[in-house]
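Residue strings, one per chain:
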Amino acid sequence: MGPSAIFNHLHTMMWLSGANDQRERLSRPLRDLRDRAFIRPNFKGETNLQMLEQTHFDAIVLGTGLSESIIASSLARAGKTVLHLDRNIFYGDHFACFDLKTFLRVLCVERDETNPFNAAYGDVEVVLRSGSKEEVERLAGIQKRENTANEEPATSEVAQDLPTDDGAVETNGPIQTPTPNSISTILDFLKQNANLVPVFKSLLADPDPSVTIASLDPSDPLLPKYTILAHLLTQSRQFNIDLAPKLLYNRGPLVELLISSGVGKYLEFKALESVYLSWQGKCELVPGSKEDVFSNQSVSLVDKRRLMKFLTFAVEYEAQPEIYQDFATRPFIDFLRDQKLSPRLISFILHAIAFAVDRADSETITTVQGLALTQRHLQSLGRWGKTAFLVALYGAGSELSQAFCRFCAVYGGIYILNFPISTISISEDPDRRFKVVGSDGGEYTSSWLVTSSNYVGNLPQGMNVDMKSTRVLRAMAILDKPIHEDTNLTVTVFPPDSNSNTQGIIAIQQSWDVSACPKEYYILHLHSPSPQATHQDFKAILSSLSLDPLITVFYSQTVQVPSTMWVADHLAFVGSNVVDVDFESAVLDAKAVFERIVPDEEIFGGVVAEEDGE
């Protein structure tokens, strides 16, 4: 397809996010997709919907979470007219990725409880390293970096700016670095970067309101914390911090969808380097191959043979039902014990392969469920790298969602960020069942409506949707050393009671290798799927690893999830699964919606073959 044909084929895609300097912060593959996807409009930050001449669509999709984005792009690829809207100015919903400044603003400053997105975050606690005198002097003495404004940051477009309290959009322009060690330097830093004052106030507020930075004594313990925070914020744009970090199974449905749709070639990935399990206070490497099993000197030969026998069976367990049928509905842990596996090997399988980390799940998950999870993991080994997982560069949720949004535009779909919704109404007209009214009064109709749970409040009054809350406790820590030597991209599983933690915890370490942070740092994400988890569980893990993060942010995500997908004829709700370590449920939800709307066609059918033939 030549350039003129592409030009005639494409509809104008409008992206109204405000901060002009952010728009070019794209990975190269996504820049290529952007250039295919739309004719560049004039971005001024205002919602200029006069550009939208079309007002009726086959489907309207609300929200840019991964499920919604896959649905919108697959429908557009199938020839449906699609309008894809999001009230936020960023992609990914609860899987979004931000730079450090925006991450802190979202959790610590932007507390608008009327916004469903902001209302999902709570239990925020921020801990900053106090720092030695030598460290504070070193950080405070860093000189302003040359050519900061001209450097291309290591972040993607998804780490976007948010509006300030007065509605203006902050830009992520160059941040000035404080240069000698003095209180006046911190004050000068904040004068030059006034938009960071709310962040400082929220993180380091003193109980005594009379205490200000200017009134601090040079020996005050707050001063080192201010210095460390200021230093980190000078590098804000080099951080890509996920709200809910996720991994991709090498042979999981998302990877297969990325390949079959062709979207994968517009994204960048790296193989996860290793998976560890904490056993009796020590982190042990989880074997990723037969060679790893037999080279492990800490496992007896008998246990190695039993483990290999079980793993060989689990890969094709459906073909041998006689082995597990007596345990099919009984707890998986009982079946593992029946296989004469040691407690250590049972923990490896249950927690680090099946990822049943929650205390209740590890005791109640059925044998059939456990075998299916084990099989999924084992089938993903050996494709790329030594583990079963891929890690997306620049933040998984935002990058994946953005790629599918732009792919939607390639095939004629229209998506708009920063589009507040006023009301949603339902009529008896089968062709125009749904009417979505924007806050500016613009009206758009469709035959189908797919929406995230963030838009429940916009439904007609009296329409009840059964929702359930899912809460996940999280922590994000910036480290100056990795938790395991010589490894940058890792997952470490801490079963309940393994390191003075009462609940199971999964820790994902990211690094500069996936553009998560500057080269000298590491990002450690911890989360617990248990509703009983507390901040103390995370602190116990950090303490047991002898870690003293520069900054640790503890927070919770409480997401509303629909009890049923189809709440009315032609109206589907999709939720954000913030509990699992992978994106697989998002793909399954998207496929279910697509098959309902387009029952006679395979999702993204024929895309790769068609493009290869051009």
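This structure is a prediction, so every number in the text was calculated from the model and none was measured. Every residue gets a number counted from 1 within its own chain, in the order that chain's sequence is written. Residues qualify for local features only when their pLDDT is at least 70, as the model is predicted, and side-chain atom pairs are given and counted only at 80 or more; totals for whole chains, interfaces and linings, by contrast, use all residues. Side-chain numbers come from the whole structure's heavy atoms, not from hydrogens or water.

**Looking at the overall build of the protein chain**
Piece 1. Where helices and strands are cited, they refer to DSSP runs of H or I of at least four residues and of E of at least two residues respectively, numbered from the N terminus. Helix and strand counts for the protein chain stand at 21 helices and 21 strands.
Piece 2. Partly exposed residues are those whose accessible area sits between 20% and 50% of the maximum for their type, while under 20% is buried and over 50% is exposed, using a 1.4 Å probe and protein chains only. The proportion of buried residues among the 614 residues of the protein chain is 58%.
Piece 3. Contacts: residue pairs with any heavy atoms within 4.5 Å of one another. Contacts spanning at least 24 positions in sequence make up 76% of the contacts within the protein chain whose residues lie at least 6 apart.

**Section: the packing of aromatic side chains**
Piece 1. Between 30 and 60 degrees the pair is tilted, below 30 it is stacked and above 60 it is edge-to-face, where a pair is any two Phe, Tyr or Trp rings, Trp via its six-membered ring, whose centres lie within 6.5 Å. The tally for this structure, following the rule as stated, stands at 22 aromatic pairs.
Piece 2. When the centroid spacing of 5.8 Å and the interplanar angle of 80° are considered together, the rings of Phe103 and Tyr555 count as edge-to-face. Remark: Tyr555 occurs in strand 19 (residues 551-562) and Phe103 occurs in helix 4 (residues 100-108); sequence separation between them is 452 residues.
Piece 3. Given the relative accessible area of 0%, Phe103 is considered buried.
Piece 4. Measuring from ring centre to ring centre gives 6.1 Å for Phe404 and Phe604, while their planes differ by 35°; the resulting arrangement is tilted. Of this pair, Phe404 sits in helix 18 (residues 396-410) while Phe604 sits in the loop between helix 20 (584-597) and helix 21 (607-612); the two residues are 200 residues apart in sequence, bridging distant segments of the chain.
Piece 5. A residue is classified by how much of its surface remains accessible, and Phe404, at 0% relative accessible area, is buried.
Piece 6. Classification of Phe604 as buried rests on a relative accessible area of 2%.
Piece 7. Among the aromatic residues, ring-to-ring pairing joins Phe90, Phe98, Phe103, Phe117, Tyr121 and Tyr555 into one connected group.
Piece 8. Placement of a charge over a ring requires the Lys NZ or Arg CZ to be within 6 Å of the ring centre, with the centre-to-atom vector within 35 degrees of the ring normal. Above the plane of the ring of Trp512 lies Lys519, whose end atom (NZ or CZ) is 4.5 Å from the centre.

**Some details on the nonpolar core**
Piece 1. Within the largest apolar cluster, 90 residues are counted, with the highest numbers of intra-cluster contacts made by Phe103, Phe310 and Ile478.
Piece 2. With residues up to four places along the chain from it excluded, the contact list for Phe310 reads Phe332, Phe335, Leu336, Gln339, Leu341, Ile349, Leu371 and Thr374.
Piece 3. Of all hydrophobic cores here, the second largest spans 47 residues; its members include Ala76, Phe404, Phe583 and Val598. The term nonpolar core refers to a set of buried residues drawn from Ala, Val, Leu, Ile, Met, Phe, Trp, Tyr and Cys, joined through side-chain atoms within 4.5 Å.

**A closer look at the pairing of strand 8 (residues 274-279)**
Piece 1. The buried fraction of strand 8 amounts to 5 of the 6 residues, a majority that puts the element mostly inside the structure.
Piece 2. Pairing between strands is defined by DSSP: at least two bridges between them are needed. Direction of pairing for strand 8 relative to strand 16 (residues 490-494): parallel, over a ladder of 4 bridges. Residue pairing in the sheet places Ser274 in a bridge with Thr490 of strand 16.
Piece 3. Where strand 8 lies against strand 9 (residues 282-285), 4 bridges are found, and the strand directions are antiparallel. Within the sheet, the bridge partner assigned to Ser278 lies in strand 9 and is Cys283.

**A few points about the environment of Asn488**
Piece 1. With respect to the helices and strands, the residue Asn488 is situated in the loop between strand 15 (467-479) and strand 16.
Piece 2. Spatially, the C-alpha atoms of Asn488 and Glu273 are 7.3 Å apart, while their sequence positions differ by 215 residues.
Piece 3. Among all residues touching Asn488, those that are not within four sequence positions of it are Glu273, Gln509, Gln510, Ser511, Asp513 and Tyr522.
Piece 4. Each polar contact in these results corresponds to two N or O atoms within 3.5 Å; when the atoms are within protein, one needs to be able to donate a hydrogen and the other to accept it, and residues that are neighboring in sequence are counted only if both atoms are side-chain atoms. A distance of 2.9 Å separates a polar atom in the side chain of Asn488 from a polar atom in the side chain of Asp513.

**So, empty space enclosed by the protein**
Left-over empty space is what a probe sized like a water molecule reveals as it rolls over the atoms.
Piece 1. With a 1 Å grid laid over protein atoms only, a set of points is called a cavity when a 1.4 Å probe fits there but cannot get out and a pocket when it is open yet has protein on both sides within 12 Å along at least five of seven lines; lining residues have an atom within 4 Å of a point. Grid points are joined across faces, edges and corners, and a volume is the space filled by probe spheres set on the points. In total, this model carries 4 cavities of 30 Å³ or more according to the counting rule given.
Piece 2. Lining the largest cavity, in full, are Pro287, Val293, Asn296, Val299, Leu307, Leu345 and Phe348.
Piece 3. Residue type decides the class: Asp, Glu, Lys and Arg count as charged, Ala, Val, Leu, Ile, Met, Phe, Trp, Tyr, Cys and Pro as nonpolar, and the leftover types, Gly among them, as polar. Across the lining of the largest cavity, the residue classes break down as 6 nonpolar, 1 polar and no charged.

**Here we look at the pattern of salt bridges**
Oppositely charged side chains are able to pair whenever their charged atoms sit close together.
Piece 1. By definition, a salt bridge exists where a carboxyl oxygen of Asp or Glu is found within 4 Å of a side-chain nitrogen of Lys or Arg. For the structure on display, the rule yields 12 salt bridges.
Piece 2. The salt bridge partner of Asp548 is Arg129, with a shortest N-O separation of 3.5 Å. In this pair, Asp548 is assigned in the loop between helix 19 (535-544) and strand 19 and Arg129 in the loop between strand 4 (121-128) and helix 6 (133-140), connecting sequence segments 419 residues apart.
Piece 3. Look at Asp548 and you get partly exposed, because its relative accessible area is 47%.
Piece 4. Put simply, Arg129, Asp480 and Asp548 are held in one network by salt bridges that share partners.

**Description of the layout of surface pockets**
Piece 1. When its volume is computed, the largest pocket comes out at roughly 900 Å³.
Piece 2. What lines the largest pocket is a set of 36 residues, among which Asp361, Asn577, Val579, Asp580 and Ser585 lie closest to the centre.
Piece 3. Counting residues per element, the lining of the largest pocket draws most heavily on helix 20, which supplies 5 residues.

**Side note on the packing of helix 10 (residues 253-261) against helix 18**
Two quantities define a packed helix pair, namely the angle between the axes and the distance from one axis to the other.
Piece 1. The N-to-C vectors of helix 10 and helix 18 enclose an angle of 30°; their axes lie 13 Å apart at closest approach. When the interaxial angle is binned, helix 10 and helix 18 end up roughly parallel. Both helix 10 and helix 18 take part in a crossing whose hand is left-handed. On the side of helix 10, the interface is formed by Leu254, Leu257, Leu258 and Ser261, while helix 18 contributes Leu400, Phe404 and Phe407.
Piece 2. When the residues that make up the contact of helix 10 with helix 18 are grouped by side-chain class, the tally is 6 nonpolar, 1 polar and no charged. Here an axis means a line fitted to C-alpha atoms, over the contact stretch when the element is a helix, while the angle between two N-to-C directions is reported on a 0 to 180 degree scale. Any angle from 65 to 115 degrees is called roughly perpendicular, while one under 35 is roughly parallel, one over 145 is roughly antiparallel, and all others are oblique. The crossing is said to be left-handed when, going from far helix to near helix, the turn is anticlockwise and less than a right angle, and right-handed when the turn is clockwise.

**Looking at the environment of Ser427**
Piece 1. You can see Ser427 is positioned in the loop between strand 12 (421-426) and strand 13 (434-438).
Piece 2. Those residues in contact with Ser427 that lie beyond four places of it in its chain are Arg432 and Arg433.
Piece 3. In terms of polar contacts, Ser427 uses its side chain to reach the backbone amide nitrogen of Asp429, at 3.3 Å.

Don't take any of this as a statement about function, it's just geometry.
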